[in-house]
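A look at the structure
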Amino acid sequence: MRSNYQLWFAMGLLCFYTFINNEIAYAVEADKHVALIYVTSNQQPNDDVFSLQEMLQTSTSVDIVYIEDINERNLQQYKRIVILNSYQTKIPQNALSALNQFQGPVLLIGENALQFATFSKWQEGPVVELRAIGEESLNNPVRWKSIQPSADSEIVKYASSLNQSYPFIVTKGDWSFIGDFINKDFLHYQWPAIIGELLHLSKPQIHPAFIVLTDINMKTEVQKLKELVIEFSEKRIPVALEVTPILQDEYEKKTYHLHDNKKLLSYLQKLQKEGYPFVLSSSTASQTEKNLDYLVLRKIYPTIISGSSSFFQGSIQQGNQMLYLSQNDSHTIYPMTVGAIANTDNNPLYPVKQKIEQLLKVPSSIIGIQYPAYFNASYVQDLATYLSEHPQIELLNFQQTKQRVTSENVSIVQDENGEQTIQLSFTKIERLKILFDERPFELILWALVLIVSLFVTLFFISTLRLRITLRKRLFEERKTNG
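It should be emphasised that the depicted structure is a prediction, and the values quoted were computed from it without experimental measurement.

Comments concerning the pairing of strand 20 (residues 367-372)
Side-chain direction in a regular strand flips from residue to residue, so the side chains alternate between the two faces of the sheet. Most of strand 20 is tucked away, with six of its six residues classed as buried. Direction of pairing for strand 10 (residues 207-216) relative to strand 20: parallel, over a ladder of six bridges. Residue Ile211 lies in a different strand from strand 20, and its bridge partner there is Ile369. Here two bridges tie strand 19 (residues 339-340) to strand 20, and the two strands are oriented parallel to one another. Each bridged residue has a counterpart across the sheet, and for Gly339 the counterpart in strand 20 is Ile369.

Below, the structure written as structure tokens:
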């Protein structure tokens, strides 16, 4: 009888343990914040979906989900929902029912709004050509099928054509509506704050920033570069140096190597010893390994690349729409969001400050600034003052980031303390080949010198040997003849 009680007690404990574990597992799942649900014609997420994901990930966790996969059970783990409708279609009934019952903030963007219970009393309007969203003008008109919200809705922002305004951002209870995700022009900088407010997301305050001294190549004036480095150092602003080791001058039809400017090479080697981070600039992907080999053989070890390469874990990218520091698997991308300081006499920092002001409106956006090495160092003070006036800007030091570079012959591993572990595996033949590729005429001349020297040496040895032989023979003949 006692054994039966023990059996029931053990089974009770097992059930209780299973229940607690299930509750903990559910709590972990319930920690998910935003479901980004997409409706596209090809059933695949498009660029707008990924842009929205990037915006939201600065504040919360995001899962991308296709509309067909939505049901009441899997929505329970989320606190907020964003639905991006890229084309007009009938929403699946299971998904529609689950979304209508969702308790929490919901943001609907684009088509199919009237199918949802919250917006069912709205009316469709005419197709119009939008020329502005709020106070922001569009560079090119956008065709849009307008809507007419019910009287119990609150209009947050209007869009306008040439002579009429239309409700574009509307709220009703926990639900919000945006007519279309027009992610261009100045709207590119406004959507993150607008969407964050509609979803009641906390607004990140910190903006990481970095400065790269660019256009460093054989033609760089060493004195100007020194002045820049000293100015930034005195202002305690960390900088990275972007170096082009092999410069292809298309105008002059010539190739310039960094070692042709011995003073510059010596100064860069000095900065490497002092721990300054280096960025490799390579004109083409096929030249990346060649440029990397060139620098490491001269004891300069780049840890980041300007562009993209499978060799580098970290890369600086220019000319794209990215606003945030992003990571893809183990790869980190630092977007150059501000661009280069213009080489003009009339307030060259003004456009830079304007761009930074735009970026400060985007929660958690990164501020990447190019400062050309040929530019006057007198503007460093002005830039430093401006940055210090914005405490939300947090300067990023690449020397204190984890980086990895791995190619066939090079391994550079940097930890967050700036310590670098460097391994090179060049054979003597490979080193000779690299040297020949870089300085073929010089090597040929040296080879000719060596060949001529060898022949002269052989001739001298042969002559000396002949004279010794003749003298010996002459001595023997004299001895014999008495």
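Overview of the sheet that holds strand 4 (residues 106-110)
Sheet architecture is open: nine strands sit in the order 2-1-3-4-9-8-7-5-6, paired in mixed fashion. In the strand order of this sheet, the two ends are held by strand 2 (62-66) and strand 6 (136-148), each with one partner. Adjacent strand axes in the sheet meet at a mean angle of 25 degrees, parallel and antiparallel pairs treated alike. Where strand 3 (residues 80-85) and strand 4 come together, five bridges link them in parallel fashion.

Some remarks on the packing of aromatic side chains
The relative placement of two aromatic rings is captured by the distance of their centres and the angle of their planes. Counted under the stated rule, the structure contains 14 aromatic pairs. Centre to centre, the rings of Trp144 and Phe168 are 5.2 Å apart; their planes meet at 65 degrees, and the pair counts as edge-to-face. Of this pair, Trp144 sits in strand 6 while Phe168 sits in strand 8 (residues 165-172), placing them 24 residues apart in sequence. By relative accessible area, Trp144 is classed as buried at 6%. Seen in terms of ring centroids, Phe232 and Tyr371 are 5.4 Å apart; in terms of plane orientation they differ by 90 degrees. Their pairing is edge-to-face. Of the two residues, Phe232 sits in helix 6 (residues 222-234) while Tyr371 sits in strand 20, which places them 139 residues apart along the sequence.

Here's the deal with helix 5 (residues 187-198)
The end-to-end C-alpha distance of helix 5 is 16 Å, a good match for the 16 Å that twelve residues give at a rise of 1.5 Å each. Across the twelve residues that make up helix 5, a large majority, ten, are buried. Buried within helix 5 we find Leu187, His188, Tyr189, Trp191, Pro192, Ala193, Ile194, Ile195, Gly196 and Leu198. Immediately beyond the C-terminal end of helix 5, within one or two residues, lies His200, with a positive phi of roughly 60 degrees.

Observations concerning helix 6
The end-to-end C-alpha distance of helix 6 is 18 Å, a good match for the 18 Å that 13 residues give at a rise of 1.5 Å each. Within the span of helix 6, buried status applies to Val222, Leu225, Leu228, Val229 and Phe232. Taken end-on, helix 6 shows its buried residues confined to a sector of 125 degrees, consistent with a single buried face. Of the surrounding elements, those touching the buried residues of helix 6 are strand 10, strand 11 (240-243), helix 7 (262-273), strand 20 and helix 10 (380-388). Trailing helix 6 by a residue or two, Arg236 shows a phi angle of about 55 degrees, which is positive.

Considering the pattern of salt bridges
This structure, assessed with the given rule, holds seven salt bridges. One salt bridge in this structure joins Asp152 and Lys172, with 3.2 Å as the shortest N-O distance. Highlighted residues: Asp152 in the loop between strand 6 and strand 7 (154-160) and Lys172 in strand 8, separated in sequence by 20 residues. Classification of Asp152 as exposed rests on a relative accessible area of 51%.

Re the side chain of Arg298
Along the chain, Arg298 falls in the loop between helix 8 (288-296) and strand 15 (304-306). Here the side chain of Arg298 touches Tyr294 through a polar contact of 3.1 Å, landing on its backbone oxygen.

Some details on the environment of Met218
Take Met218: it is sitting in the loop between strand 10 and helix 6. For the pair Met218 and His257, spaced 39 residues apart in sequence, the C-alpha to C-alpha distance is 6.1 Å. Among all residues touching Met218, those that are not within four sequence positions of it are Tyr256, His257, Leu258, Asp260, Asn261 and Leu264.

Notes on the confidence of the model for the protein chain
Per-residue confidence for the protein chain gives a mean pLDDT of 86, with 86% of residues at or over 70. Contacts for the low-pLDDT stretch residues 13-31, under 50 throughout, to residues beyond four places or in other chains number six contacts.

Considering the sheet that holds strand 24 (residues 420-424)
Taken together, the three strands give an open sheet; going across it, the order is 22-23-24, and neighbouring strands pair in antiparallel fashion. In this open sheet, the two edge strands, each paired with only one partner strand, are strand 22 (403-406) and strand 24. Taken over all neighbouring pairs, the strand axes of this sheet differ in orientation by 5 degrees on average, direction set aside. Direction of pairing for strand 22 relative to strand 23 (residues 410-414): antiparallel, over a ladder of four bridges. Across the sheet, residue Gln403 finds its bridge partner in strand 23, namely Gln414. Here helix 8 sits on the sheet and contacts strand 22, strand 23 and strand 24; the angle it forms with strand 23, its principal contact strand, is near 70 degrees.

Conventions adopted
- Along every chain, residues carry numbers that run from 1 in the direction the sequence is written.
- For a predicted model such as this one, the threshold for reporting local features is a pLDDT of at least 70, and the threshold for listing and counting side-chain atom pairs is 80 or more; totals across whole chains, interfaces and linings nevertheless cover every residue.
- Water and hydrogen atoms were dropped before computing side-chain values, which therefore reflect all heavy atoms in the structure.
- Think of it in three bands: with a 1.4 Å probe and only protein chains considered, a residue is buried below 20% of the maximum accessible area for its type, exposed above 50%, and partly exposed in between.
- Strands are runs of DSSP state E lasting at least two residues, helices are runs of H or I lasting at least four, and both sets are numbered from the N terminus onward.
- Between any two strands, at least two bridges found by DSSP are needed for them to pair.
- Orientation is described by axes fitted as lines to C-alpha atoms, over the contacting stretch for helices, and by angles from 0 to 180 degrees between their N-to-C directions.
- Pairing of aromatic rings covers Phe, Tyr and Trp, the last through its six-membered ring, and needs centres within 6.5 Å; plane angles under 30 degrees mean stacked, over 60 mean edge-to-face, and all others mean tilted.
- The span you would expect from a helix comes to 1.5 Å times its residue count less one.
- This arc is taken over the directions from the axis of the helix to the C-beta atoms.
- By definition, residues are in contact when any of their heavy atoms lie within 4.5 Å.
- Whenever Lys or Arg places a side-chain nitrogen within 4 Å of a carboxyl oxygen from Asp or Glu, that contact is recorded as a salt bridge.
- In protein, a polar contact requires one atom able to donate a hydrogen and another able to accept it; more generally it is a pair of N or O atoms within 3.5 Å, and residues adjacent in sequence count only if both atoms are side-chain atoms.
- The pLDDT value expresses, per residue, how confident the predictor is, ranging between 0 and 100.

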